[in-house]
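Here's the letter readout for the chains.
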Amino acid sequence: MSAAEARGARPDEVDRAIECCGAAFGGKDAQRAAHMTDFFARIHKEDPNFRPENSRVVLFNGRIVSVVQIFERETLIGGVPVKMGGLGSVGTLPQFRRRGFGTLALQDALRFMEREGYDLSLLFTGIHDYYAREGWRVFEHASALTASVPQGLANDGAGGRRPVRWPEELPALMRLYNQFNRGATGPIQRSEAYWLRHVRWRPFEERQFTAAYENGRMVAYLRYSGDGMLEEAAYVQGGRAAAASLAVEALRGREQTRVMPGALTLRRGLEGRGFAFQEEPLRWLMFRIVNLKSLLKKLAPGMAERLQNSPASEWGADAVRRIRIEAELTEPAELKIDGGSVEVVDVDPSDEGGLSVRLKLTHAEAIDLVLGQLPVETALPIGVSDEAQEAVKSLFPMRRYVWHSRDNF
């Protein structure tokens, strides 16, 4: 039997890789396979970051039998962009399944991301066990809101609401998105090319975006997909009420609403209008840390600033402090705290005597730590001083996680 080969697609193989994805999702239904092939062609070729080698393929007897697509993104953690590899278009031809080709493609994708300097990887799935075998972990901290729409929603009389003129008003939309997500954790950085091209991936109508204006300036926008789903919202400081009014107008006449993670900031404004929400956990996000050391290096300047402004600002002023983070599936990393500065340094496994704090984490805990979902006090070893505990909490603060579902890959 011929050996399987896993590698990046060559330029002349991209269309065959896309056809493999379409056939994998379409199965024996030729019409569905053609539809899915068209969809995958759009999300691959319209992606401004697309490169042929980001299509990781497995060839068997010269035929592409399995594909994993890596979508290169910059995601924000506390406003700091880090390099993330989004995995999508994962599929194996039906007649070649259960032979390890999909796992081979996944392993090759991980090695590729390690070589190319990715910090994190994210995927969306309902088959958790399959991806968990290669280290991805379910992210337990994303949720949506559901509620019945109150009868007789009153029009608050606010004016200046209308659909966004696309793409003429894209600069205003981008400014609002960037301003609103400054300092956030979860959203991706969207270039102008991304804004213009990502609306071609799925059905798009200009009226999906509505905005509120004051004195000709856009102060809030809402992305509404119909059927009662609020997908994304952003607003200027003091503009929450305007954004909530956009949501009320969109939902008028609907019976139910579902508020996705990208619009959760509307909760308070809608509750004030009679909505009674229930949380709906979304367990289809799975993360994997690709390079913990690289990730922490990008976050270090923000860590130093927070430490200097914390009750533990003097921690490290009189002596160098060292925090070692050891997590499953990734190389350990060490933070050196010296006079308020935070530096990520190489780990010397033989030198443990000078450690101030040692965090031993599962991979899921490490993901939660960097994404601001882990109460640090639960991970600290017994005996850590109050000052050290405050210092570590300032380095890894709790955060609200946001994801915009239209950015799925």
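Residues numbered from 1 in each chain as written. Predicted model: local features only at pLDDT ≥ 70, side-chain atom pairs only at ≥ 80, totals over all residues. Heavy atoms only, no water.

**Overview of the packing of aromatic side chains**
What counts, and what does not: Centre distance within 6.5 Å is the pairing criterion for rings of Phe, Tyr and Trp, where only the six-membered ring of Trp is used; planes under 30 degrees apart are then read as stacked, over 60 as edge-to-face, and the remainder as tilted. Helix and strand assignments come from DSSP, with helices taken as H or I runs of at least 4 residues and strands as E runs of at least 2, each series counted from the N terminus. Using a 1.4 Å probe on the protein chains alone, a residue whose accessible area is under 20% of its type maximum counts as buried, one over 50% counts as exposed, and one in between counts as partly exposed. Definition used: whenever NZ (Lys) or CZ (Arg) falls within 6 Å of the ring centre and also within 35 degrees of the ring normal, the charge is taken to sit over that ring.
One pass over the full model with this rule turns up 24 aromatic pairs. Judged by centre distance (6.1 Å) and plane angle (90°), the rings of Phe287 and Tyr401 are edge-to-face. Highlighted residues: Phe287 in strand S14 (residues 285-289) and Tyr401 in the segment after helix H11 (386-395), separated in sequence by 114 residues. Side by side, Phe287 and Tyr401 carry an identical accessibility label, which is buried. Each residue in the set Trp166, Tyr177, Trp195, Phe204, Phe209 and Tyr221 is aromatic and connected to the rest through ring pairs, giving one cluster. Residue placement shows Arg190 over the ring face of Trp195; its charged tip is 4.7 Å from the ring centre.

**Remarks on the pairing of strand S11 (residues 229-235)**
Rules: Two strands qualify as a pair provided that DSSP identifies no fewer than 2 bridges between them. A clockwise course of the path from the first strand over the helix to the second, judged with the strands pointing away from the viewer, identifies a crossover as right-handed.
Among the 7 residues in S11, 6 count as buried, and that is most of the element. Across 6 bridges, strand S10 (residues 217-226) lies against S11 in antiparallel orientation. Bridging from a neighbouring strand, Tyr224 pairs with Leu230 of S11. If you look at the hairpin formed by S10 and S11, you'll find 2 residues sitting between the two strands, and Asp227 has a positive phi there, around 55°. Alignment of S11 against strand S12 (residues 256-259), held across 2 bridges, turns out to be parallel. Residue pairing for S12: Met229 is matched across the bridge by Arg258. Note that the unit made of S11, helix H7 (residues 240-251) and S12 has a crossover that is right-handed.

**Topic: the layout of surface pockets**
The condition that has to hold: Using a grid of 1 Å spacing that covers the protein atoms alone, one calls a set of points a cavity when a 1.4 Å probe fits there but cannot get out, and a pocket when the set is open and has protein on both sides within 12 Å along at least five of seven lines; lining residues are those with an atom within 4 Å of a point. Grid points are joined across faces, edges and corners, and a volume is the space filled by probe spheres set on the points. Think of it as three bins: nonpolar holds Ala, Val, Leu, Ile, Met, Phe, Trp, Tyr, Cys and Pro, charged holds Asp, Glu, Lys and Arg, and polar takes everything else, Gly as well.
Within this model, the largest pocket holds a volume of roughly 720 Å³. Surrounding the largest pocket, 30 residues form its lining, Phe25, Val90, Gly91, Ile127 and Tyr131 being those nearest its centre. Mapped onto the lining of the largest pocket, the elements with two or more residues apiece are helix H2 (30-45), strand S3 (63-77), strand S4 (80-92), helix H3 (101-115), strand S5 (120-124) and helix H4 (128-132). In terms of residue count, S4 provides more of the lining of the largest pocket than any other element does, 6 residues in total. Broken down by class, the residue content of the lining of the largest pocket amounts to 16 nonpolar, 10 polar and 4 charged. For the second largest pocket, the calculated volume is near 320 Å³. Surrounding the second largest pocket, 17 residues form its lining, Arg207, Gln208, Thr210, Tyr224 and Gly226 being those nearest its centre. Each residue belonging to the lining of the second largest pocket can be placed in one class, and the counts come to 6 nonpolar, 4 polar and 7 charged.

**Focus: the nonpolar core**
Condition: Take the buried Ala, Val, Leu, Ile, Met, Phe, Trp, Tyr and Cys residues and link them wherever side-chain atoms come within 4.5 Å; each set so joined is a nonpolar core. Two residues form a contact once any of their heavy atoms are found within 4.5 Å.
If you look at the biggest cluster of nonpolar residues, it comprises 134 residues, and the most contacted ones within it are Tyr221, Leu230, Leu266, Leu296, Leu335 and Phe396. Of the residues forming this core, the biggest block, 8 residues, is contributed by helix H9 (residues 292-308). The residues touching Phe396, leaving out its near neighbours within four places in the chain, are Leu296, Met303, Ile325, Leu335, Leu369 and Val376.

**Digging into the sheet that holds strand S17 (residues 341-345)**
Heads up, the condition is: Angles run from 0 to 180 degrees between N-to-C directions of axes, and those axes are lines fitted to C-alpha atoms, restricted for helices to the stretch in contact.
With respect to topology, 4 strands assemble into an open sheet ordered S17-S16-S15-S18, the strand pairing being mixed. Each end of this open sheet is capped by a strand with a single partner; those strands are S17 and strand S18 (357-361). When the angles between neighbouring strand axes are averaged without regard to direction, this sheet yields 20°. Sheet analysis places strand S15 (residues 321-327) next to strand S16 (residues 333-338), joined by 5 bridges and oriented antiparallel. The partner of Ile323 across the bridge, within S16, is Leu335.

**Comments concerning empty space enclosed by the protein**
Tallied over the full model, the rule gives 3 cavities of 30 Å³ or more. Lining the largest cavity, in full, are Ile77, Leu299, Met303, Arg306, Leu369, Val370, Gly372, Leu395, Phe396, Pro397 and Arg399. Where the lining of the largest cavity is concerned, the elements lending two or more residues are H9 and helix H10 (363-370). Element by element, the count of residues in the lining of the largest cavity is highest for H9, at 3 residues.

**Here's the deal with unusual backbone geometry**
Residue Pro167 is reached from Trp166 by a cis peptide bond, and omega for that bond is 0°. On the secondary structure map, Pro167 appears in the loop between strand S8 (161-163) and helix H5 (170-180). One non-glycine residue, Asn61, adopts positive backbone phi at about 55°. Looking at the element boundaries, Asn61 is found in the loop between strand S2 (55-60) and S3. Overall, Asn61 belongs to the exposed group, its relative accessible area being 54%. With a phi close to 55°, Asn215 is a non-glycine residue in the positive phi region. Among the secondary structure elements, Asn215 is positioned in the loop between strand S9 (209-214) and S10.

**Things to note about the state of the cysteines**
Going by this rule: When two cysteine sulfur atoms lie within 2.5 Å, the pair is treated as a disulfide.
Applying the stated criterion to the full structure yields 0 disulfides. Sulfur of Cys20: no disulfide; nearest cysteine sulfur belongs to Cys21 and is 5.8 Å away. Given the relative accessible area of 2%, Cys20 is considered buried. Looking at Cys21, the relative accessible area reads 0%, which means it is buried.

**Thoughts on the environment of Arg217**
For Arg217, the location among the structural elements is in strand S10. The partly exposed category is assigned to Arg217, whose relative accessible area is 47%. As for Arg217 and Ala172, which are separated by 45 residues in sequence, their C-alpha atoms are 8.3 Å apart. Excluding residues that lie within four positions of it along the chain, Arg217 makes contacts with Ala212 and Val236.

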